[in-house]
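Chain residues, written in single-letter form:
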Amino acid sequence: MKHLLNIVLKHFIQTGSLLVTFSDGTRRIYKGSADGPQAGIHLTTRRAERALVINSGMAFGEEYMAGEILPDGCTLETLMLLLMTNINGHGHIIEEIEDRLRYVTRLLRTLNSLKRSRRNVAHHYDLNGKLYDLFLDRDRQYSCAYFSREGMTLEEAQEAKKHHIASKLNFDREGLEVLDIGSGWGGMGITLAKDYGARVLGITLSVEQLQVARQRAKDAGLEKQIRFELLDYRKVRKQFDRIVSVGMFEHVGIAQFDQFFKTVHDCLKPHGTALIHSIGRMDGPGTTNPWLDKYIFPGGYSPALSETIAAVERSHLWLTDCEVLRLHYAKTIAEWRKRFDANRTKITALYDERFVRMFELYLVGSELAFRTQGHMNFQMQLSRSVDAVPLTRDYMLDREREKSA
């Protein structure tokens, strides 16, 4: 198996260099172009060597979690940068075959029924709430922040994100009814109620998030303006003036895209406005990394704009505005990583070292996906009528400036 891995690595490393220490103590360097990253890896068991040949997309993460794959003479970030750079280039031939098979079956793997959707959400969002306090901002915004100027803190950038989104929702009067799909810990809904006078229904599938959101609304004295419910978007039967969804569309699944936008259409009043904020990819439709799908976001998929807009078109909604946020999420995750690293001992006490290594790998890989692999965020403004929003975008900037003044 070591011989096969040697062949794979010779083919795989086309940029930079990788120094490999095998389980028997032998070392070998694999070199591509001289201008790429340089990293080292220690494979401590024969099992790790075998797994990297047979099931590389899953194996690296699992063996790193188990402590059988270790960065050697470099950081995990440097090692991941080298590997992800080479995935972008020539690629691991077996991983390419695996990826093509995943693409063929991707619709089946994202068939997220009501029951499966709730189970998927619980897997990640019903973790111990103390974990999120140790690396998110105070408002627990678990999505891309908006760094509108240099030197912003994470708290400032997350606050700016909420007002940036609100400006696109065009709150031209108080008392507008808002549906918040995937309301998280309540931060977006609370801001819309407190700062814009909205009446909000926030829906989530996370029991943990629901409890926190309801308590936060109560503590803020906003119980008459905000209601949070444990409810799937497919079960909503009411129309609203505004619909907002931040960081939830990634969990819908390709097979449900049409259903999602049909729900947005049917739940939006004729002159209403919706804003969908999602992770996306710039290089067209793809697949979800199998390790990420198993351990972090089961049933999740970051869509390309092409397949998203195609579903919007089929729903008979107007796409009235679209903005692509490129490196904002990379900057956001970099801040999360700093806080995660600073609280590593506390997080280990909440769970264990294996969990910490899993989450660390997720954060590092996610940041690099936005820096090197074409991931980005997009915000789509949608409406049912052609004249639902002003003809120019000036109103967005004006409203945003009002809140930042």
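Residues numbered from 1 in each chain as written. Predicted model: local features only at pLDDT ≥ 70, side-chain atom pairs only at ≥ 80, totals over all residues. Heavy atoms only, no water.

With that settled, the discussion passes to the sheet that holds strand β5 (residues 177-181). If you trace the 7 strands from one edge of the open sheet to the other, you get β7-β6-β5-β8-β9-β11-β10, paired in mixed fashion. The two strands at the open ends of the sheet, each matched to only one other strand, are β7 (226-230) and β10 (318-325). Geometrically, the sheet is characterised by an average inter-axis angle of 15° between neighbouring strands, direction not taken into account. The pairing of strand β6 (residues 199-204) with β7 spans 5 bridges and is parallel. The partner of Ile203 across the bridge, within β7, is Glu229. (Pairing = 2+ DSSP bridges. Helix = DSSP H or I, 4+ residues; strand = E, 2+ residues; numbered from the N terminus. Axes fitted to C-alpha atoms, helices over the stretch in contact; angles between N-to-C directions.)

The next point concerns helix α9 (residues 154-169). Look at α9: 23 Å from first C-alpha to last across 16 residues, which is about the 22 Å you get at 1.5 Å a residue. Of all 16 residues making up α9, 14 are buried, and the element is well covered by its neighbours. Looking at the residues trailing α9, positive phi occurs at Asn170, about 55°. (Expected span 1.5 Å × (residues − 1). Buried < 20%, exposed > 50% of the residue type's maximum accessible area, 1.4 Å probe, protein only.)

Time to look at the packing of aromatic side chains. Overall, the coordinates contain 23 aromatic pairs when judged by the stated rule. Judged by centre distance (5.7 Å) and plane angle (85°), the rings of Tyr329 and Trp336 are edge-to-face. The exposure class of Tyr329 is buried, given its relative accessible area of 8%. Taking the relative accessible area as the measure of exposure, Trp336 reaches 1% and is therefore buried. Between the aromatic rings of Tyr329 and Phe370, the centroid separation amounts to 4.9 Å while the plane-to-plane angle is 50°, which identifies the pairing as tilted. Linking Tyr329 in helix α15 (residues 328-342) with Phe370 in helix α17 (residues 353-372), this pair joins segments that are 41 residues apart in sequence. Here Lys2 stacks its cationic end above the ring of Phe22, 5.0 Å away from the centre of that ring. The positively charged end of Lys238 is found above the aromatic ring belonging to Phe240, 4.9 Å away from the centroid. (Phe/Tyr/Trp six-rings, centres within 6.5 Å; stacked < 30°, edge-to-face > 60°. Lys NZ or Arg CZ within 6 Å of the ring centre and 35° of its normal.)

Below, the discussion takes up the packing of helix α2 (residues 46-54) against helix α3 (residues 56-65). At a minimum axis distance of 6 Å, the contact between α2 and α3 shows a crossing angle of 150°. Considering the angle they form, α2 stands roughly antiparallel to α3. The hand of the α2/α3 crossing is left-handed. From α2, Arg47, Ala48, Ala51, Leu52 and Ile54 reach across to α3, where they touch Ser56, Ala59, Phe60 and Glu63. (Parallel < 35°, antiparallel > 145°, perpendicular 65-115°, else oblique. Left-handed = near helix turned anticlockwise from the far one by under 90°. Contact = heavy atoms within 4.5 Å.)

Our focus in this paragraph is the packing of α9 against helix α18 (residues 394-404). Packing of α9 against α18 brings their axes to within 8 Å, and their N-to-C directions diverge by 140°. Between α9 and α18, the crossing angle belongs to the class labelled oblique. Of the two possible hands of crossing, α9 and α18 adopt the one that is right-handed. Along the contact surface, α9 presents His163, His164, Ser167 and Lys168, while α18 presents Tyr395, Met396, Arg399, Glu400 and Lys403.

Moving on, we come to the nonpolar core. Formed by 66 residues in total, the largest nonpolar core has its most connected members in Leu18, Phe60, Phe135, Tyr142, Trp291, Trp336 and Phe359. The element that contributes the greatest number of residues to this core is α17, accounting for 11 residues. Those residues in contact with Trp336 that lie beyond four places of it in its chain are Phe135, Leu136, Gln141, Tyr142, Ser143, Leu154, Gln158, Tyr329 and Leu363. (Core = buried A, V, L, I, M, F, W, Y, C linked by side-chain atoms within 4.5 Å.)

Now for the side chain of Gln381. Topologically, Gln381 is positioned in strand β11 (residues 375-383). On the basis of relative accessibility, which here comes to 1%, the residue Gln381 falls in the buried class. One polar contact links Gln381 to Tyr395, side chain to side chain, over a distance of 2.8 Å. For Gln381, the contacting residues outside a window of four places in its chain are Lys168, Thr273, Ala274, Leu275, Trp318, Leu319, Thr320, Asp321, Val389, Tyr395 and Met396. (Polar contact = N/O pair within 3.5 Å; in protein donor to acceptor, adjacent residues only side chain to side chain.)

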